[in-house]
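Fold and geometry: a report
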Amino acid sequence: MELKEFVTLFAEQFDDTPADAFSASTDYKALDEWGSLVALSVISMVDEEFEKRITGADIKKCTTIEELYNLVLSK
Amino acid sequence: MSHISVKNIKLCGMAGCVPSRVEENRDYALISPEEIEKYIAATGVVRRHCAIHDGSICTSDLCQKAAEKLLEDINWKKEEIDLLVFVSHTTDYKLPATAIVLQDKMGLPTSCLAFDITLGCSGFLVGLGVMSNLMASGCFRKGLLMVGNTQSEYASPEDRSMKLLLGDAGTVTAIEYAPEGGDEINISYMSDGSGREFVILPDGGSRNPVNEKSFIMEDCGNGIRRTRLHEKMIGDEVFSYGTFYIPRVYNEMAEKFNINPDDVDFLLLHQANKFLCEKLRKKLKFPPEKVPYNIQEFGNTSGATIPLLMVTNLKDELKNRPLNLLAATIGVGFSLGVAQIKTTGNIHVSELQMI
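Cut-offs and rules
- Residues numbered from 1 in each chain as written.
- Chains lettered and ligands numbered in written order.
- Predicted model: local features only at pLDDT ≥ 70, side-chain atom pairs only at ≥ 80, totals over all residues.
- Helix = DSSP H or I, 4+ residues; strand = E, 2+ residues; numbered from the N terminus.
- Rg over C-alpha atoms; globule rule 2.2 N^0.38 Å.
- Buried ≥ 20, exposed ≤ 12 C-beta atoms within 10 Å, placed from the backbone.
- Contact = placed C-beta atoms within 7 Å.
- Core = buried A, V, L, I, M, F, W, Y, C linked by C-beta atoms within 7 Å.
- pLDDT = per-residue confidence, 0-100.
- Pairing = 2+ DSSP bridges.
- Axes fitted to C-alpha atoms, helices over the stretch in contact; angles between N-to-C directions.
- Parallel < 35°, antiparallel > 145°, perpendicular 65-115°, else oblique.
- Left-handed = near helix turned anticlockwise from the far one by under 90°.
- Nonpolar A, V, L, I, M, F, W, Y, C, P; charged D, E, K, R; others polar.

Scanning chain A from N- to C-terminus turns up four helices and zero strands. Listing every helix and strand of chain A by position from the N terminus yields α-α-α-α. A compact globule built from 75 residues should have a C-alpha radius of gyration of about 11 Å, and chain A, at 11 Å, falls within 12% of that. Projecting the C-alpha coordinates of chain A onto the three principal axes gives extents of approximately 30 × 25 × 20 Å. Looking at the 75 residues of chain A, the share that counts as buried comes to 21%. The long-range share in chain A, meaning contacts at least 24 apart out of those at least 6 apart in sequence, stands at 47%.

To continue, consider the overall build of chain B. When helices and strands are tallied, chain B shows ten helices and 17 strands. Relative to the 2.2 N^0.38 estimate, which gives 20 Å for 355 residues, the radius of gyration of chain B is 19 Å and therefore close to what a compact globule would have. Seen along its three principal axes, the alpha-carbon backbone of chain B occupies a region of about 60 × 45 × 35 Å. Counting over 355 residues, chain B shows a buried share of 50%. Taking the contacts inside chain B whose residues are at least 6 apart along the sequence as the reference set, 80% of them involve residues at least 24 apart.

This brings us to the nonpolar core. Residues and elements named next belong to chain B. Within the largest apolar cluster, 115 residues are counted, with the highest numbers of intra-cluster contacts made by Leu84, Val85, Met146, Val172 and Leu268. With eight residues, helix H6 (residues 235-256) is the single largest residue contributor to this core. Residues in contact with Val172, not counting those within four places in the same chain, are Ala15, Cys63, Ala66, Ala67, Leu70, Leu144, Leu145 and Met146.

The next point concerns the confidence of the model for chain B. Scored by pLDDT, chain B comes out at a mean of 97, with 100% of its residues at no less than 70. Both scores are available for the predicted complex, with the pTM at 0.95 and the ipTM at 0.89.

Residues and elements named next belong to chain B. Buried residues dominate strand E15 (residues 335-342), accounting for seven of its eight residues. Pairing of strand E8 (residues 183-191) with E15 involves eight bridges; the strand directions are antiparallel. Residue pairing in the sheet places Ile187 in a bridge with Ala339 of E15. Across eight bridges, strand E14 (residues 324-331) lies against E15 in antiparallel orientation. Residue pairing for E15: Thr329 is matched across the bridge by Gly337. Following E14, the chain reverses through three residues before pairing antiparallel with E15; Gly333 in that reversal takes a positive phi of roughly 145°.

On to the environment of Gly16(B). Residue and element names in this part refer to chain B. Turning to its location among the elements, Gly16 is positioned in strand E1 (residues 2-18). On the basis of neighbour counts, which here come to 32 C-beta atoms within 10 Å, the residue Gly16 falls in the buried class. Taking the C-alpha atoms as reference points, Gly16 and Gly138, 122 residues apart in sequence, are found 27 Å from one another.

All names here are of chain B. Of the strand pairs in this sheet, E1 and E8 are connected by six bridges, and their pairing is antiparallel. Of the residues in E8, the one forming a bridge with Val6 is Ile185. Bridge analysis of E1 against strand E7 (residues 169-177) gives eight bridges, and the strand direction is antiparallel. The residue bridging Ile9 from the neighbouring strand is Tyr177, located in E7.

All names here are of chain B. For the pair helix H2 (residues 59-74) and helix H3 (residues 98-106), interaxial distance at closest approach is 11 Å and the crossing angle is 45°. Classified by the interaxial angle, the pair formed by H2 and H3 is oblique. You can see that H2 and H3 cross each other, and the crossing is right-handed. Side by side, H2 and H3 meet where Ser60, Gln64 and Ala67 of the first sit next to Thr98, Val101, Leu102, Lys105 and Met106 of the second. A breakdown of the residues in the contact of H2 with H3 according to their chemical character gives four nonpolar, three polar and one charged.

This next bit is on the packing of helix H2 (residues 36-50) of chain A against H6(B). In contact at an axis separation of 10 Å, H2(A) and H6(B) are set at 25° when each is read in the N-to-C sense. Classified by the interaxial angle, the pair formed by H2(A) and H6(B) is roughly parallel. The handedness of the crossing between H2(A) and H6(B) comes out as right-handed. Along the contact surface, H2(A) presents Ser36(A), Ala39(A), Leu40(A), Ile43(A), Ser44(A) and Asp47(A), while H6(B) presents Gly235(B), Asp236(B), Phe239(B), Ser240(B), Thr243(B) and Phe244(B). Among the residues making up the contact of H2(A) with H6(B), the classes are represented as five nonpolar, five polar and two charged.

Residue and element names in this part refer to chain B. All of the buried residues along H3 are Thr98, Ala99, Ile100, Leu102 and Gln103. Elements in contact with the buried residues of H3: H2, strand E4 (83-87) and strand E5 (113-117). Backbone geometry just after H3 places Gly107 at a positive phi near 75°.

Residues and elements named next belong to chain B. Tracing the backbone shows Phe298 in helix H8 (residues 295-298). The sequence separation of Phe298 and Gly129 amounts to 169 residues, and the corresponding C-alpha distance is 25 Å. Aside from chain neighbours lying at most four places away, what touches Phe298 is Val18, Arg48, His49, Gly167, Ala169 and Leu308.

Along the chain, Tyr93(B) turns up in the loop between E4 and H3. When the C-alpha positions of Tyr93(B) and Ser20(B) are compared, they lie 23 Å apart, and in sequence the two are 73 residues distant.

Structure below.
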């Protein structure tokens, strides 16, 4: 999967934040809507799309969506 | 993962007991009403039955009350009981084993084998696997599987993630040796201690003995404070692990034991929290009508969740017809179990007890 598609899927886990707020360099934890439930949705999305397991620690470790994407690819 | 497959035993009856004292989540004073509603929406827990933890009600008391009622209802004579297994993290004492205390308090014969298993949320499936295997050879004829926890004791009052989630319950399942016409039990297990830090009560065991630091309230971020004598749970790690591995274990089990989901009557999910359970229900592709919940009333009661769900939600079905049940648990450890229980019916469920 390309980074661009990952950014789109990442954005889909948010209910109230518009799609144009998301880019590869977005600091996702700084978004207003970010919280524990959104984090869990991201964990589920990665499982569904990549069949890979990321953890809460992985999500905390990364800052931008691109960093998270690279971490997922490296697993 | 490991698999067990047992016939030759029959579930005869089940009972549960909860404290009559209720804690309403909407009464929690430390966060705003809006935050409480968000929490209730995410976890599904509206209220929990919790004992006052002064020794007046222990898990063993809840299990004993349930057991006395069940034995009366199914007409079992105490002198015939030869196996008692008590599964809990909230034992009466560090030693002796609570099962042996119960042997004496209940007046069971001294010929009974009685022992504890220290497990949490996976407790019912591990206990069932152990007991059914012990009994399948006919060496034990009538056994009681007691599973419960009064783990609300371990929640810090300033840790909403635990305080508003954990409830107390004790359950008992009566199992008998049935060389013909028994139930069929298939269970797959995983044990993964790499997850040990994610659900843990750090101090008070031999590894970190109690010391002055154990009692200090520590700031854990997000307004949460707890001591090292309170239970700590990193929810997203449990979610990540459970939603990844339970479906994979189930798929392997389904293939090994030829399970057709259309033939399954009910999927019993450990009542960890509704968000996690709904994720699992959808991943395992079961419709809502096949997946009962009682988390709204009782919270997460650890090992008791599956048997308590059967007592509160499936009383008539368990009695009236054979059932093809699936159960899935992810528990502290991590200890994971997925089971298929094909009953032959006529399982008596006693009225829910309260003390």
